[in-house]
Amino acid sequence: MGATLPTRRLGQLEVSAQGLGCMGMSEFYGAGDDTESIAVIHRALELGVTLLDTADMYGKGLNEELVGRAIADRRDQVVLATKFGIVRTDDPTVRGVRGDAEYVRQACDASLRRLGVDHIDLYYQHRVDPNIPIEETVGAMAALVEAGKVRHLGLSEAGAETIRRAHAVHPITALQTEWSLWSRDLEQEIVPACRELGVGVVAYSPLGRGFLTGRYTSAQDFTEGDFRQVGQPRFAEENLAKNLAIVEALKSLAADRGVTAGQLALAWVQHRGSDVVPIPGTKRRKYLEENAAAAQLELSAEDLSAIEYVVPLNAVAGSRYPEAGMELVGR
């Protein structure tokens with residue numbers, strides 16, 4: 001089956017208008033099923049999804065290995081993105097960040113090994129290291145481009161000034177950051193800075209960690225091992241009822257248009273600009289196909305206004321990460 005998705009440009013890199021986030025296949029969203037996950041990746045490629053997103057910290061390397069197995073015989077169909085910089089410890093609540101030049105080199109070689117490839121198409125710094133000048137980190141990343149190990153550079157959850165400083169060292173192709181109907185804090189300063197520099201935006205969690213699909217109605221809906229069960233402010237009991245009311249309004253609007261709430265939420269992100277590529281994550285083919293269909297959904301100005309009326313700016317209750325996580329974003 002041929003490609004069906006249109007393409008977009010992140011800087012000089014051409015990718016499908018929607019990518020696939022692979023994180024949940026290995027961790028954070030309950031038990032995984034590698035056989036189904038590989039089938040999801042293969043189906044995504046059939047649908048014309050080219051951008052696959054992983055990171056070295058997802059499943060402590062297991063997610064990169066999984067993606068590597070899935071694309072071993074179809075590397076030429078994939079724009080492969082991975083990330084370095086978050087250092088895991090045995091305590092799941094404690095994470096470090098490293099951006100020193102030596103670590104950049106080590107991390108890249110380790111990712112190439114796990115992925116089973118000779119180059120990474122888009123290599124991101126996962127979080128900015130406050131103790132290392134961004135110039136050092138991006139300088140080391142640029143050396144990886146020179147060495148042929150990496151094609152394009154990206155940053156994740158960086159602030160506007162950091163993006164400018166990084167871009168002055170080496171062109172930044174994409175900024176990955178959370179963007180959805182309930183995470184819009186990047187719109188004021190970060191998106192304008194990206195557009196001024198020609199940096200594309202890769203939107204992760206465009207479905208609000210699945211919440212905007214309307215499939216979850218209580219904390220009991222999450223299986224054991226799902227990180228939404230503990231420590232995620234928007235899923236905490238005191239915020240859940242308010243956030244559910246927002247989703248109910250979105251579901252009603254979607255039903256009027258013959259689509260799902262998730263498709264409407266995803267199409268809203270797709271309409272933020274031709275330089276925006278959402279990467280919804282899923283580990284099931286059914287939801288992959290539903291998400292991919294949203295890339296083709298045309299929304300009028302009236303549709304967009306109606307969506308923003310039922311999900312007003314800053315309507316969501318709770319921050320997008322616990323306090324320790326929020327300290328790592330927008331640096």
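If you're wondering where the values come from, they're calculated on a predicted model, not measured in any experiment. (Residues numbered from 1 in each chain as written. Predicted model: local features only at pLDDT ≥ 70, side-chain atom pairs only at ≥ 80, totals over all residues. Heavy atoms only, no water.)

1. Examining the side chain of Asp-121
Looking at where Asp-121 falls in the secondary structure, it is placed in strand S8 (residues 120–125). Engagement of the side chain of Asp-121 in a polar contact is seen with the side chain of Arg-75, the distance being 3.0 Å. A polar contact of 2.7 Å, which involves the side chain of Asp-121, links it to the backbone nitrogen of Leu-80. Apart from the residues lying within four places of it in its own chain, the contact partners of Asp-121 are Arg-75, Val-78, Val-79, Leu-80, Arg-151 and His-152. (Helix = DSSP H or I, 4+ residues; strand = E, 2+ residues; numbered from the N terminus. Polar contact = N/O pair within 3.5 Å; in protein donor to acceptor, adjacent residues only side chain to side chain. Contact = heavy atoms within 4.5 Å.)

2. Some thoughts on the nonpolar core
Among soluble globular proteins, nonpolar side chains are generally buried collectively. Judged by nonpolar contacts, the single largest core of 83 residues is most densely connected at Leu-20, Ile-41, Leu-155 and Leu-250. Once you skip the residues sitting within four places of it in the chain, Leu-155 turns out to touch Tyr-124, Gln-125, Ile-134, Val-138, Thr-162, Ile-163, Ala-166, Ile-172, Ala-174, Leu-175 and Gln-176. The next biggest cluster of nonpolar side chains, apart from the first, holds 13 residues, and it includes Val-15, Tyr-124, Ala-174 and Tyr-204. (Core = buried A, V, L, I, M, F, W, Y, C linked by side-chain atoms within 4.5 Å. Buried < 20%, exposed > 50% of the residue type's maximum accessible area, 1.4 Å probe, protein only.)

3. A few points about the side chain of Thr-162
For Thr-162, the position within the fold is in helix H5 (residues 160–169). Here Thr-162 is in contact with Val-128, Ile-134, Leu-155 and Arg-331, once residues within four sequence places are set aside.

4. Describing the environment of Gly-99
Inspection of the secondary structure assignment puts Gly-99 in the loop between strand S7 (95–97) and helix H3 (101–115). Residues Gly-99 and Val-128 lie 29 residues apart in sequence; the distance between their C-alpha atoms is 7.0 Å.

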